[in-house]
Amino acid sequence: TTSADLAGHRLGLGRSKQGSTGAMTFSPSGGRVRILLAVASIASASALSLPSSLKPGRAGRAPLPVMTASAGPLRLRGGAGEDTSGYKSIYKVPGVAEAAALRVEGKKKVGKELAKPTYMKWHQIPDQNWKTKDGAEVIKWDPSLEACKGSLQYRYGKYKEMKSRICEVEGSLEQFATGFKKFGVHISDDPAKPGIVAYEWAPGARALSLFGDFNGWNKAQYPYTKDDFGVWYLYIPAKADGSVIIEHDTRYKLSITTSTGQDTTRIPAWADYAVQAPKGAPTHPGYDGVFWNPPNRYEFQNELPVTPRSLRIYEAHCGMSSQGTPNINTYDLFRELVLPRIKKLGYNAIQFMAIQEHPYYASFGYHVTHLFAASSRCGDPDSLKRLIDDAHAMGMSVLLDIVHSHAATNVEDGLNKFDGTDGLYFKEGPEGHHPQWDSRIYNYGSWEVLRFLLSNLKWWLEEYKFDGFRFDGITSVLYKHHGIGHCFVNGYGEYFGLSTDIESCVYLMLANDLIHSLRPGCISIAEDVSGMPTLCRPVAEGGFGFDYRLAMAAPDMWIKLLKEMTDDQWEMGHIVHTLTNRRYKEKVICYCESHDQALVGDKTVAFWLMDKEMYEGMSILTPANSIVDRGIALHKMIRMVTMALGGEGYLTFMGNEFGHPEWIDFPRIGNDWSYHCARRQWNLADMTHLRYIHLNNFDAAMNGLEEAFPFLQEGAHEYVSLKNEGDKVIVCEKGDLLFVFNFHPTNSYQGYRVGVGVPGKYKMVLDSDWAEFGGHERNYRHAELFTSSENWCSRPNSLSVYSPSRTVVVYARAD
């Protein structure tokens, strides 16, 4: 044992047992890994302060700790001139000036015409020979799909049929998806007819007119006319001075006589900005459309980033990112204060929730009413564009959590019963209603609904420069039963039977075909719990065309383990199986918690681990109690094993990087409309005397490790050599790294032999037990380990390591 072993932890001596060997192999990666150690590239870009062992060319112990590591309780070193408040953060709190510097650092300023990204070898490239395909090529990756060949061919045939019709009638899929240039209320681009033009699809309506601030809310003054296809048209000539009658940033609405004869109001379905009407307005408390036509259109200043091969996603909700007085945060404040944090943590992509307009804030953005409008709660359209532009300046891709799976049931300020009929944008009857979500289901087989949804994707890519999408609720889209009451454990028949909604499948194929054609490297992520085969294979092969699926079983596993078992009961084989159980050649984004796990009624991983001790036991000024010590150790291990084995991408939700306490609860009647739990307490991660800083530091180090030694890339070598249930040890190779996880609550192992593929000298590149991560420094961080040629755990070489309890230690070759 070493003096750094905690008092009360006993040392288990000996070698690992070879009886639990194991599991998955992928193509090995060749070459030698140089220890330029983790995050040198991130450090140069964002001025991270790194532990010395992660800095190239530096020797000696890292100077960060101010604690002494000794047997028994840890003590602070005090003295004249010494800081006894705790640890320095891996990054300092960004200020506005620093944020501005980050936004422009190293980026070329360009004009309005931005260079279009080019396809990289790891991007999904649409197949121009789609007409000659039959949809069965995907069987080469999964021969068991041979029994479903007919279903695959039928589905692809329906896709070809619809795309061919679109190309014949509209010219191309891309041209079909430009509906936002016609529908809605716009300034005419016809020099012969200057003024306002407006189009609206409402075949069931009896009358339609436009009114608003511009005409004193006179409903009768500007009526539309209707064509044979149910499209209403309005032209309002320009004024004598050439200006249009509707001024910038003024409110407007539709007056409509519905199919039932009811006189009411609507917001145009294609409205690109909507706000809640102010008190005293005739339309309050509903929403109004806003005519957004600034004198100077926002011009993006930064080129679009190249989509990374290793995707590390920071899921964020702009509205609940506020600190201090609980309120709704703005796009501009997020850009100035939160965006630099994300960059410094080492994430290369941001996934924004709740962007599409939704009147009910507590819906978390999933009961959308206006698909083309950015949520006005957080600011105007230009402020969102500034946020995305600055993220691009930092080299980060920006993803939109897009909701095409269902829509809010709102009538006057939504799409529901838009022209008085039950259908129009949605399926009629019970099929058009989601029984659990209180929402409407789109009619994916309708020509105009397809135009509407596909145009919406193109709108966000072109108008706001998003780099991709997370498609919400895909399970509900794929099946007529929406996945309700189905466990998907009875074979492929559940995926290719009559319960699969072919029209919806075709929409998803067209959607992915479109976005990958419009934006090289566009990222497409599916939220699907069913495990639909072929979901993440290219459309031309017979797949749906998504780039990634979310590994939704992983967070469920962690919550179940934390709720129902003590960690000495955890089964290593079960953890490994859950994290590695994914379809061959279909990429996965893995996570241990997202926004779902933090909603009211549940707890975050940190809260499950430490509960009320997060209020009372997180001070560095007093020794950590056993609950906090366990919680911090396991929080780090859970994140690292999920990133290492979970797939080809990693995601965390805003605040979870430092173990944000409590839950998420939006203002509602049940909490007296409080914003207290709809915010982020960033100050917890910035206070150097609180242990949250340790979890935050470890998150940055994890991302830095992956940046320096990419192991999330598709095709990275992966081999799990040990799952030892008695020792509670998992050993795996991922990319060029060797991971040793010791989940045992008390046993540390000296001279523990682990198998490794590549011989040579190895050094430690990350240890969750380092002091800057709240650990106990039980391993000498600059030790050099040499392999022996002894075959171990089905690997040709082996290493003898020291594996402290409740730690993960990561090694890389150093020769």
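In this text, all values refer to a predicted model and were calculated from it rather than measured experimentally. (Residues numbered from 1 in each chain as written. Predicted model: local features only at pLDDT ≥ 70, side-chain atom pairs only at ≥ 80, totals over all residues. Heavy atoms only, no water.)

**Things to note about the pairing of strand β9 (residues 231–237)**
Two elements, strand β5 (residues 195–201) and β9, share seven bridges in a ladder whose sense is antiparallel. Opposite tyrosine 199, over in β9, you have tyrosine 233 as the bridge partner. Here strand β8 (residues 225–226) pairs with β9 via two bridges, running antiparallel. Residue threonine 225 lies in a different strand from β9, and its bridge partner there is tyrosine 233. (Pairing = 2+ DSSP bridges. Helix = DSSP H or I, 4+ residues; strand = E, 2+ residues; numbered from the N terminus.)

**Details of empty space enclosed by the protein**
The tally for this structure, following the rule as stated, stands at five cavities of 30 Å³ or more. Reported here for the second largest cavity is a volume of approximately 60 Å³. His317, Cys318, Gly319, Tyr331, Met353, Ala354, Ile355, His358, Tyr361, Ser375, Arg377 and Cys378 together form the lining of the second largest cavity. Its residues assigned to classes, the lining of the second largest cavity shows seven nonpolar, four polar and one charged. (1 Å grid on protein atoms, 1.4 Å probe; cavity = no way out; pocket = protein on both sides within 12 Å on 5 of 7 lines; lining within 4 Å. Points joined across faces, edges and corners; volume = space filled by probe spheres on them. Nonpolar A, V, L, I, M, F, W, Y, C, P; charged D, E, K, R; others polar.)

**Topic: the sheet that holds strand β19 (residues 407–408)**
Spatially, β19-β21-β20 is the arrangement adopted by the three strands of the open sheet, whose pairing is antiparallel. Only two strands of the sheet have a single partner each, and these edge strands are β19 and β20 (433–434). Relative to strand β21 (residues 439–440), β19 runs antiparallel, the two sharing two bridges. Across the sheet, alanine 407 pairs through a bridge with arginine 440, a residue of β21.

**Remarks on the pairing of strand β15 (residues 349–353)**
Of all five residues in β15, five are buried; the element is thus mostly enclosed. Residues Ala349, Gln351 and Met353 line one face of β15 and the alternating positions Ile350 and Phe352 line the opposite face, and both faces are buried. Note that strand β14 (residues 311–317) and β15 share five bridges and pair parallel. Residue glutamate 315 lies in a different strand from β15, and its bridge partner there is glutamine 351. Between the parallel pair β14 and β15, the chain is carried across by helix α5 (residues 331–345), and the sense of this crossover is right-handed. (Buried < 20%, exposed > 50% of the residue type's maximum accessible area, 1.4 Å probe, protein only. Right-handed = clockwise from strand over helix to strand, strands pointing away.)

**Some points on the pattern of salt bridges**
Overall, the coordinates contain 50 salt bridges when judged by the stated rule. One salt bridge connects lysine 133 with aspartate 127, and the closest N-O pair in it is separated by 3.4 Å. Accessibility expressed as a relative area gives 23% for lysine 133, which makes it partly exposed. Overall, aspartate 127 belongs to the partly exposed group, its relative accessible area being 27%. The salt bridge partner of arginine 519 is aspartate 467, with a shortest N-O separation of 2.4 Å. Of this pair, arginine 519 sits in the loop between α10 (502–518) and β23 (523–526) while aspartate 467 sits in the loop between α7 (447–463) and β22 (468–471), and the two are 52 residues apart along the sequence. Both residues of the pair, arginine 519 and aspartate 467, belong to the buried class. Three or more residues joined by partner-sharing salt bridges are found here, namely Asp142, Asp528, Arg549, Arg583 and Glu586. (Salt bridge = Lys/Arg side-chain N within 4 Å of Asp/Glu carboxyl O.)

**A few points about the environment of valine 138**
With respect to the secondary-structure elements, valine 138 resides in the loop between α2 (96–104) and α3 (149–170). Taking C-alpha positions, valine 138 is 9.7 Å from proline 533, a pair spaced 395 residues apart along the chain. When neighbours within four sequence positions are excluded, valine 138 is seen to be in contact with Leu145, Leu152, Thr534, Arg537 and Glu541. (Contact = heavy atoms within 4.5 Å.)

**Topic: the side chain of serine 375**
Take serine 375: it is sitting in the loop between β17 (370–374) and α6 (381–393). Setting aside its immediate chain neighbours within four residues, serine 375 contacts Tyr331, Ala354, Ile355, Gln356, Glu357 and His358.

**Some points on the sheet that holds strand β4 (residues 184–187)**
Spatially, the four strands line up as an open sheet ordered β4-β5-β9-β8, and their pairing is antiparallel. A strand with exactly one partner marks an edge of an open sheet, and here the two such strands are β4 and β8. With four bridges connecting them, β4 and β5 associate as antiparallel partners. Residue pairing for β5: valine 185 is matched across the bridge by alanine 198.

**Some details on the packing of aromatic side chains**
Under the criterion given, the structure shown has 44 aromatic pairs. Centre to centre, the rings of tyrosine 298 and phenylalanine 300 are 5.2 Å apart; their planes meet at 90°, and the pair counts as edge-to-face. In terms of burial, tyrosine 298 and phenylalanine 300 fall into one category: buried. For the ring pair phenylalanine 698 and phenylalanine 773, a centre distance of 5.3 Å and an interplane angle of 80° mean the geometry is edge-to-face. Of this pair, phenylalanine 698 sits in helix α17 (residues 692–708) while phenylalanine 773 sits in the loop between β31 (761–767) and β32 (784–786), placing them 75 residues apart in sequence. The pair phenylalanine 698 / phenylalanine 773 is uniform in exposure class, with both members buried. Across from the ring centre of tyrosine 464, 5.3 Å away, lies the NZ or CZ of lysine 385, which sits over that ring. (Phe/Tyr/Trp six-rings, centres within 6.5 Å; stacked < 30°, edge-to-face > 60°. Lys NZ or Arg CZ within 6 Å of the ring centre and 35° of its normal.)

**Digging into α5**
For α5, which comprises 15 residues, the first-to-last C-alpha distance of 20 Å matches the rise-based estimate of 21 Å (1.5 Å per residue) to within 8%. Listed in full, the buried residues belonging to α5 are Tyr331, Phe334, Arg335, Val338, Leu339, Pro340, Arg341, Ile342, Lys343, Lys344 and Leu345. In the stretch just after α5, glycine 346 is the one whose phi turns positive, near 95°. (Expected span 1.5 Å × (residues − 1).)

**With respect to the nonpolar core**
If you look at the biggest cluster of nonpolar residues, it comprises 210 residues, and the most contacted ones within it are Trp460, Met640, Phe739 and Phe741. Within the second largest apolar cluster, twelve residues are counted, among which are Ile525, Tyr548, Met552 and Leu651. (Core = buried A, V, L, I, M, F, W, Y, C linked by side-chain atoms within 4.5 Å.)

**Structural notes on the packing of helix α12 (residues 572–580) against helix α15 (residues 626–645)**
Packing of α12 against α15 leaves a shortest axis separation of 9 Å and a crossing angle of 50°. Classified by the interaxial angle, the pair formed by α12 and α15 is oblique. As for how α12 packs across α15, the hand of that crossing is right-handed. Every residue of α15 that contacts α12 at Val576, Leu579 and Thr580 is listed here: Val641, Thr642 and Leu645. Broken down by class, the residue content of the contact of α12 with α15 amounts to four nonpolar, two polar and no charged. (Axes fitted to C-alpha atoms, helices over the stretch in contact; angles between N-to-C directions. Parallel < 35°, antiparallel > 145°, perpendicular 65-115°, else oblique. Left-handed = near helix turned anticlockwise from the far one by under 90°.)

**Topic: the confidence of the model for the chain**
Per-residue confidence for the chain averages 87 on the pLDDT scale, and 86% of its residues sit at or above 70. When the criterion is pLDDT under 50, residues 1–111 qualifies, and its contacts beyond four places in sequence or with other chains add up to 268 contacts. (pLDDT = per-residue confidence, 0-100.)

**Considering the packing of α5 against α6**
Axes are the key here: two packed helices are described by the angle between their axes and the distance separating the axes. Direction vectors running N to C along α5 and α6 enclose 20°, while the axes themselves pass 8 Å from each other. As summarised for this structure, α5 and α6 are arranged roughly parallel, according to the angle between their axes. Facing Tyr331, Asp332, Phe334, Arg335 and Leu339 of α5, the residues of α6 in contact are Ser383, Leu384, Arg386, Leu387, Asp390 and Ala391. By residue class, the composition of the contact of α5 with α6 is six nonpolar, one polar and four charged.

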